[in-house]
Amino acid sequence: WFGLWRDLVRAFDKQPAVTGTMVLSLQSHADLIPKVVEPADVDRFLAFLLLEPTAPSRTTSAVRDDVKRDVVALIGIILCHQKHTREVNLKVCQALLEVSSPTNMNEVPLSVMAECLNVLMDLYSDDELHKDVFEEMKVLSHFQQTLPLLKQKVSRAMDSEIDIVYIR
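### As for the overall build of the chain
Okay, so step 1: A count of helices and strands for the chain gives nine helices and zero strands.
Okay, so step 2: Secondary structure elements in the chain, listed N-terminal to C-terminal, are α-α-α-α-α-α-α-α-α.
Okay, so step 3: In the chain, which comprises 168 residues, the share counted as buried stands at 38%.
Okay, so step 4: Within the chain, residue pairs in contact and separated by at least 24 positions form 73% of the contacts whose partners lie at least 6 positions apart.

### Describing the pattern of salt bridges
Okay, so step 1: Following the criterion strictly, the structure yields six salt bridges and no others.
Okay, so step 2: Ionic pairing is found between R44 and D41, a salt bridge with its closest N-O pair at 2.5 Å. Highlighted residues: R44 and D41, both in helix 4 (residues 39-50), separated by three residues, approximately one helical turn.
Okay, so step 3: Overall, D41 belongs to the buried group, its relative accessible area being 2%.
Okay, so step 4: With its nearest N and O atoms 3.2 Å apart, the salt bridge here joins R69 to D66. Residue R69 and its partner D66 are both found in helix 5 (residues 61-81); the two are separated by three residues, about one turn of the helix.

### Points about the packing of helix 4 against helix 5
Okay, so step 1: Where helix 4 contacts helix 5, the axes come no closer than 9 Å and their chain directions differ by 155°. Comparing the axis directions of helix 4 and helix 5 gives the class roughly antiparallel. The chirality of how helix 4 crosses helix 5 is left-handed. Along its contact with helix 4, which presents V42, F45, L46, F48 and L49, the element helix 5 presents K68, V71, V72, L74, I75, I78 and L79.
Okay, so step 2: When its residues are assigned to classes, the contact of helix 4 with helix 5 shows 11 nonpolar, no polar and one charged.

### A closer look at the environment of M137
Okay, so step 1: The residue M137 is located in the loop between helix 8 (131-136) and helix 9 (139-167) in this model.
Okay, so step 2: Once the C-alpha coordinates of M137 and Q94 are considered, the two residues, 43 residues apart in sequence, prove to be 7.5 Å apart.
Okay, so step 3: Here M137 is in contact with L90, C93, Q94 and L97, once residues within four sequence places are set aside.

### Considerations on the nonpolar core
Okay, so step 1: The biggest cluster of nonpolar side chains holds 42 residues, and the ones touching the most others in it are F45, V92, L96 and L120.
Okay, so step 2: Counting only elements with at least two residues in this core, the list comes to helix 2 (16-28), helix 3 (33-36), helix 4, helix 5, helix 6 (86-99), helix 7 (110-124) and helix 9.
Okay, so step 3: No other element matches helix 5, which puts nine residues into this core.
Okay, so step 4: Excluding residues that lie within four positions of it along the chain, L120 makes contacts with C93, L96, L97, S100, H142 and F143.

What counts, and at which threshold
Residues numbered from 1 in each chain as written. Predicted model: local features only at pLDDT ≥ 70, side-chain atom pairs only at ≥ 80, totals over all residues. Heavy atoms only, no water. Helix = DSSP H or I, 4+ residues; strand = E, 2+ residues; numbered from the N terminus. Buried < 20%, exposed > 50% of the residue type's maximum accessible area, 1.4 Å probe, protein only. Contact = heavy atoms within 4.5 Å. Salt bridge = Lys/Arg side-chain N within 4 Å of Asp/Glu carboxyl O. Axes fitted to C-alpha atoms, helices over the stretch in contact; angles between N-to-C directions. Parallel < 35°, antiparallel > 145°, perpendicular 65-115°, else oblique. Left-handed = near helix turned anticlockwise from the far one by under 90°. Nonpolar A, V, L, I, M, F, W, Y, C, P; charged D, E, K, R; others polar. Core = buried A, V, L, I, M, F, W, Y, C linked by side-chain atoms within 4.5 Å.

Shape descriptors only; they carry no functional weight alone.
Spelled out as structure tokens, the structure:
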């Protein structure tokens, strides 16, 4: 885990294999999360998620999108398997709502948007955990506004894929 962190920090937007490996590691060994994940790791992942490239990069946008999707998944896996404070939950909820906001629908890749909504559903599927944050941040209203737009975005993406197939 610590070696993967080092590799991720060295080349964040160029290492989808690193973030993918981190996701698989935590999914496969959730029992290790308390032993290897530090509280600051969630903050680091949030910083990566909200980071915008400041300089031109040779990394394709698809690679950056895959990394961001994996970072969202990592945040979800950690929080769903490790007790965390209301403050941490609130911070994560705010970031996921911001990234998956309907106003960002055209800028945020479909995979990242869908993973943000997936993590929000996972976080609040237990009615007793951080119900106050769920209500305060109006997560249900966010789902009601965002899911129809996400569905449209999926349909457009599928239509584009079909067009590409026919062009070939």
